[in-house]
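Chain by chain, the residues:
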Amino acid sequence: MTATPALPASDPSRPTATVPGSKVLYGADYNPEQWDPSIWREDVALMRQAGVNTVSLGIWSWALLEPAPGQFCFDWFDEVLGLLVEAGIDVDLATPTAAPPSWFYRAHPEARLVEADGTYRNGGSRGICCPHSPAYAAAAARITDAVAAHVAGNPHVTMWHVHNEYGAPGGDCHCETSQAAFRDWLKHRYGCLDELNRAWGTAFWGQLYGDWSEVTTPRHSGTALNPTCELDFARFTSDSLLARFTAERDIIRKHFPRTPVTTNLMATNCPANDYWRWAQDMDVVSTDYYLEADSPESQIWLAMESDLTRSLAGNRPWILMEHAVSAVSWQPHNRAKMPGEERRNALAHIARGADGVLAFQWRQSRRGAEKFHSAMVPHAGTDTRVFREVCALGGELTGLDELRGTEVRARVALLWDWNSFWAQDLAWRPSVLMRHREQMRRVYEWLWDRGTTVDFVHPEADLGRYDVVLAPASYLISDAAAANVAAFVHRGGRFAALPFFAVVDDEECVHEGGAPGPLRDVLGLTVEEVRPIPEGCEVTLAPTPAAGVPQDAGAVTATVWSEHLRLAGARGVWNAVDGPTPGPAITVHDYGRGTAVYVSVVLQPRALATVLDPLLDLPIDKPATLDGGRPRNLEAVTRHATDGSGRAYTVLLNHDAVAHRLALVGNDLLTGRELHATEPTTLAPGDVAVVCHETTGDH
Ligand code: GAL
């Protein structure tokens, strides 16, 4: 089998770069081209007032920097750069290739991106052209080189921001050039057409290919497409966009060999790219995150985003490159943040490893598509709640510089693999309700509620530092991943898999003998049949004596999914007592020195707690309050110094509308107060504390 390596080695010639500077980065996308030059001076004065130390410049400036092909205009840009430098504000300089100029579309209509149904994506908005277009590649290289050469040697350009959110809007192109590029990619992957026919299973529906020219991208067709073709196309698109990033990065490196290069990811929100591969090619990982403001769990999805980004960064610090200080403008209903909410959001990212918090954008636009999107300087000016909070946060962040470079140490990991997600969400699965995102979220929410900090990890990566590994949505498991998980359990790890687990291999071919394929021995069972539960229906589960919960713990209910399990060594700990599949629904199996739990039904977060807490012995990272218990909406994460000093920083966030009293020891960096165990500390509703304290040992 010819598999694309999951985790390419990073370039050993590059030093491990890190977040530039010595301060927590604070700032925004700065789009001065929207404004009269007289505003620019006011902008930098206000940036100083707000404590801004870094701005991302030039993201949308291609048409202004190169008004006609090959003709460059840097006058306005030099003036802005000069003002920023004079004010001591560092520049995260962008390559402007996410918005090709109108002249480019006119000269190269063939470079337009073609959707699966044959429609062209025209200019007039923003977004990449065809990522395989030679004309786009040449034009992007030319402007990248021109900008980098123009500022070469400028020490105030402390970071490079390539393009903008590769994959948003999607970069999957179906033009003739892309068809040829896809065929080349497939030739490299499979070597010969016979091998492609085998891997794609083209005997099914007589899809056999006799000549490479017959192989196409998964374009709009009669009904369901070949799933392996679709999966390969997703991999190919991620690789193609990554190639565009590395092409620009390498041009920059010629002029700025030691300056970190990043591109803003969209960690949990980007279906287009396999970010495990991308992160290997970035000097610093950065992401954009926009709050799901209407969700009552918004703080949980924010935390999940941060944890994934930190994990992509290999547990090194990362940067929140964009977020909104208040409302966005593209959700159906754009809720403005409440007083104090932005501070809590920003510090929640810092808690989970961010060394910088930047916004979109500095000054709120008066014209254009995003004029109703909040910004650090709102339409109503500086005498506003938003600007006052922006300034206050800037002041607070200057007191947190010592957190830079410290690390979060999770003992629990969730397997996360874009290949599996692409495959799981293809057409014609047993239930459309079984999407990977909801499965991940239910598990993450349960762990967030109880205060267990998690990393995300690629299924083939080293699991050695974790006590517990969970697979909430691992529909696709490669042989290497299965061996990795088996070794983890055998060595004594605690593992739990959730339903629709290990069904296919990396060719989207169902594992021989059925699920959970190569992990049948580890879980001690075979899935004989999946039996989705109709929408609106529930199944009741009751514990067996082996469940480790009091027998009067009561029943839990499951939805969406059930499986008929044939046990071969595993013991049932919760049984379905009604529904389509009475019998064992949740099982435990001892394997080597470890334990493997299988959950064959869909459970809500509270039910996951009832069922899995007694089985997995998970660590808890949030303190109990003096009033007893660990309130759900009290969040606590600790960052540890890496210098052996034993110093640690626990960020406590009260998302509740009531105060919580805690026995804390240390120094709150936000208030400067010394905290003693004998004097209760009250964390007011919505408030945050960053407590510096000493630890003994690793934790
Ligand atoms: C991001 C994008 C920004 C801005 C922002 C608004 O996706 O990178 O340029 O459009 O959304 O929320």
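Residues numbered from 1 in each chain as written. Predicted model: local features only at pLDDT ≥ 70, side-chain atom pairs only at ≥ 80, totals over all residues. Heavy atoms only, no water.

**A look at helix H5 (residues 134-151)**
The α-helix advances 3.6 residues per turn, and as a result positions three or four apart in sequence lie on the same side.
For step 1, the next point in the chain: Taking 1.5 Å of rise per residue, the 18 residues of H5 would be expected to cover 26 Å, and the 26 Å separating its terminal C-alpha atoms lies within 8% of that figure.
For step 2, the next point in the chain: Three or more residues of H5 are buried, namely Ala135, Tyr136, Ala137, Ala139, Ala140, Ile143, Thr144, Ala146, Val147, Ala148 and Val151.
For step 3, the next point in the chain: Put simply, serine 133 is the residue that caps the front of H5, since its side-chain oxygen is 3.2 Å from the backbone nitrogen of alanine 135.
For step 4, the next point in the chain: A positive backbone phi angle near 90° is found at glycine 153, which sits one or two residues after H5. (Helix = DSSP H or I, 4+ residues; strand = E, 2+ residues; numbered from the N terminus. Expected span 1.5 Å × (residues − 1). Buried < 20%, exposed > 50% of the residue type's maximum accessible area, 1.4 Å probe, protein only. Polar contact = N/O pair within 3.5 Å; in protein donor to acceptor, adjacent residues only side chain to side chain.)

**Some points on the domain arrangement of the protein**
For step 1, the next point in the chain: Along its sequence, the protein is organised into domain 1 (25-188 + 225-406), domain 2 (412-616) and domain 3 (634-694).
For step 2, the next point in the chain: Averaged C-alpha coordinates put domain 1 and domain 2 at centres separated by 36 Å.
For step 3, the next point in the chain: Here domain 1 and domain 2 share an interface that buries about 2,500 Å² over both sides, 59% of which is from carbon and sulfur atoms.
For step 4, the next point in the chain: When residues of domain 1 are sorted by the area they lose upon contact with domain 2, Leu231, Trp276 and Met304 head the list and together hold 24% of the total.
For step 5, the next point in the chain: Run the count over domain 1 and domain 2 and you get three salt bridges.
For step 6, the next point in the chain: The interface formed by domain 1 and domain 2 holds 17 residue pairs in polar contact (both at pLDDT 80 or more) in total.
For step 7, the next point in the chain: At the level of elements, helix H8 (227-255), helix H9 (275-280) and helix H10 (298-312) are the ones that each hand at least two residues to the side of domain 1 that touches domain 2. (Domains from an automatic or database assignment. Buried area = accessible area lost by both parts, 1.4 Å probe. Salt bridge = Lys/Arg side-chain N within 4 Å of Asp/Glu carboxyl O.)

**Re empty space enclosed by the protein**
For step 1, the next point in the chain: As enumerated under the stated definition, the model contains nine cavities of 30 Å³ or more in all.
For step 2, the next point in the chain: The volume enclosed by the largest cavity comes to roughly 100 Å³.
For step 3, the next point in the chain: As for the largest cavity, its lining consists of 15 residues, of which Arg352, Leu447, Trp448, Gly451 and Thr452 are closest to the centre.
For step 4, the next point in the chain: When residues in the lining of the largest cavity are grouped by element, the largest group, four residues, is from strand E24 (residues 634-640).
For step 5, the next point in the chain: Residue composition of the lining of the largest cavity, grouped by class: seven nonpolar, three polar and five charged.
For step 6, the next point in the chain: Each of domain 2 (412-616) and domain 3 (634-694) contributes no fewer than three residues to the lining of the largest cavity. (1 Å grid on protein atoms, 1.4 Å probe; cavity = no way out; pocket = protein on both sides within 12 Å on 5 of 7 lines; lining within 4 Å. Points joined across faces, edges and corners; volume = space filled by probe spheres on them. Nonpolar A, V, L, I, M, F, W, Y, C, P; charged D, E, K, R; others polar.)

**Looking at the confidence of the model for the protein**
For step 1, the next point in the chain: When the pLDDT values of the protein are averaged, the result is 95; 97% of them are 70 or greater.
For step 2, the next point in the chain: The model gives residues 1-16 a pLDDT under 50, and that stretch makes 27 contacts with residues more than four places away or in other chains. (pLDDT = per-residue confidence, 0-100. Contact = heavy atoms within 4.5 Å.)

**Looking at the packing of helix H6 (residues 176-190) against H8**
For step 1, the next point in the chain: Following both chains from N to C, one finds H6 and H8 inclined at 105°, their axes separated by 10 Å at the closest point. The orientation of H6 relative to H8 falls into the category roughly perpendicular. Only Thr228, Cys229, Asp232, Phe233, Arg235, Phe236 and Asp239 of H8 make contact with H6, whose side of the interface consists of Ser178, Ala181, Phe182, Trp185, Leu186, Arg189 and Tyr190.
For step 2, the next point in the chain: In terms of residue class, the contact of H6 with H8 is built from eight nonpolar, two polar and four charged. (Axes fitted to C-alpha atoms, helices over the stretch in contact; angles between N-to-C directions. Parallel < 35°, antiparallel > 145°, perpendicular 65-115°, else oblique.)

**Side note on the pattern of salt bridges**
Where charged atoms from two side chains of opposite charge come close, those side chains can pair.
For step 1, the next point in the chain: With the rule as written, the count across this model stands at 39 salt bridges.
For step 2, the next point in the chain: Put simply, arginine 310 and aspartate 455 hold a salt bridge, and the shortest N to O gap is 2.8 Å. Taken together, the residues arginine 310 in helix H10 and aspartate 455 in strand E14 (residues 454-457) connect sequence positions 145 residues apart. Comparing arginine 310 with aspartate 455, the two get one shared label, buried.
For step 3, the next point in the chain: Residues glutamate 407 and arginine 409 are paired through a salt bridge, measuring 3.0 Å at the closest nitrogen-oxygen approach.
For step 4, the next point in the chain: For glutamate 407, a relative accessible area of 25% puts it in the partly exposed group.
For step 5, the next point in the chain: Taken together, the shared-partner salt bridges connect Asp307, Arg310, Arg352, Asp455 and Glu635 into one network.

**Let's talk about the sheet that holds strand E8 (residues 264-265)**
For step 1, the next point in the chain: Spatially, E7-E6-E3-E2-E1-E11-E10-E9-E8 is the arrangement adopted by the nine strands of the open sheet, whose pairing is parallel. Here the strands that pair on one side only, and so sit at the sheet edges, are strand E7 (261-262) and E8.
For step 2, the next point in the chain: Across four bridges, strand E1 (residues 25-30) lies against strand E11 (residues 354-359) in parallel orientation. When the sheet's bridge partners are listed, tyrosine 26 is paired in E11 with valine 357. (Pairing = 2+ DSSP bridges.)

**So, the state of the cysteines**
For step 1, the next point in the chain: This model, assessed by the stated rule, comprises zero disulfides.
For step 2, the next point in the chain: Cysteine 173 takes part in no disulfide bond, and the closest cysteine sulfur to it belongs to cysteine 175, at a distance of 3.7 Å.
For step 3, the next point in the chain: Judged by its relative accessible area of 1%, cysteine 173 is buried.
For step 4, the next point in the chain: Free cysteine cysteine 270: the closest other cysteine sulfur is in cysteine 173, separated by 17 Å. (Disulfide = S-S within 2.5 Å.)

**Notes on the nonpolar core**
For step 1, the next point in the chain: Core analysis: the biggest nonpolar cluster contains 194 residues, and Trp362, Phe495 and Leu603 have the highest contact counts within it.
For step 2, the next point in the chain: A total of nine residues in this core trace back to one element, the largest contributor, which is H5.
For step 3, the next point in the chain: The contact partners of leucine 603, leaving out residues within four places of it in the chain, are Arg442, Leu541, Val556, Thr557, Ala558, Ile586, Leu608 and Val611.
For step 4, the next point in the chain: Trp185, Tyr190, Tyr209 and Trp212 belong to the second-largest nonpolar core, a separate cluster that totals 15 residues. (Core = buried A, V, L, I, M, F, W, Y, C linked by side-chain atoms within 4.5 Å.)

**Let's talk about a nonpolar patch on the surface**
For step 1, the next point in the chain: On the surface, Phe204, Trp205 and Trp428 cluster together into a nonpolar patch covering about 430 Å² of accessible area.
For step 2, the next point in the chain: Within the secondary structure layout, tryptophan 428 lies in the loop between helix H13 (418-424) and helix H14 (436-450).
For step 3, the next point in the chain: Since its relative accessible area comes to 60%, tryptophan 428 is described here as exposed. (Patch = residues over 30% accessible without salt bridge, like charges linked within 9 Å, V, L, I, M, F, W, Y side chains within 5 Å. Areas by Shrake-Rupley, 256 points an atom, 1.4 Å probe, with all protein chains shown as cover.)

**A look at unusual backbone geometry**
For step 1, the next point in the chain: With an omega dihedral of -15°, the bond running from alanine 168 to proline 169 counts as a cis peptide bond.
For step 2, the next point in the chain: Considering the arrangement of structural elements, one finds proline 169 in the loop between strand E6 (157-161) and H6.
For step 3, the next point in the chain: The linkage connecting phenylalanine 360 with the following residue, glutamine 361, adopts the cis geometry, with an omega of -5°.
For step 4, the next point in the chain: Relative to the helices and strands, glutamine 361 resides in the loop between E11 and helix H12 (385-398).
For step 5, the next point in the chain: At tryptophan 428, a position not held by glycine, the phi torsion is positive, near 60°.
For step 6, the next point in the chain: Within the chain, phenylalanine 500 stands out as a residue other than glycine whose phi angle is a positive 60°.
For step 7, the next point in the chain: Along the chain, phenylalanine 500 turns up in the loop between strand E16 (494-497) and helix H16 (520-523).
For step 8, the next point in the chain: When its relative accessible area of 5% is taken as the criterion, phenylalanine 500 is described as buried.

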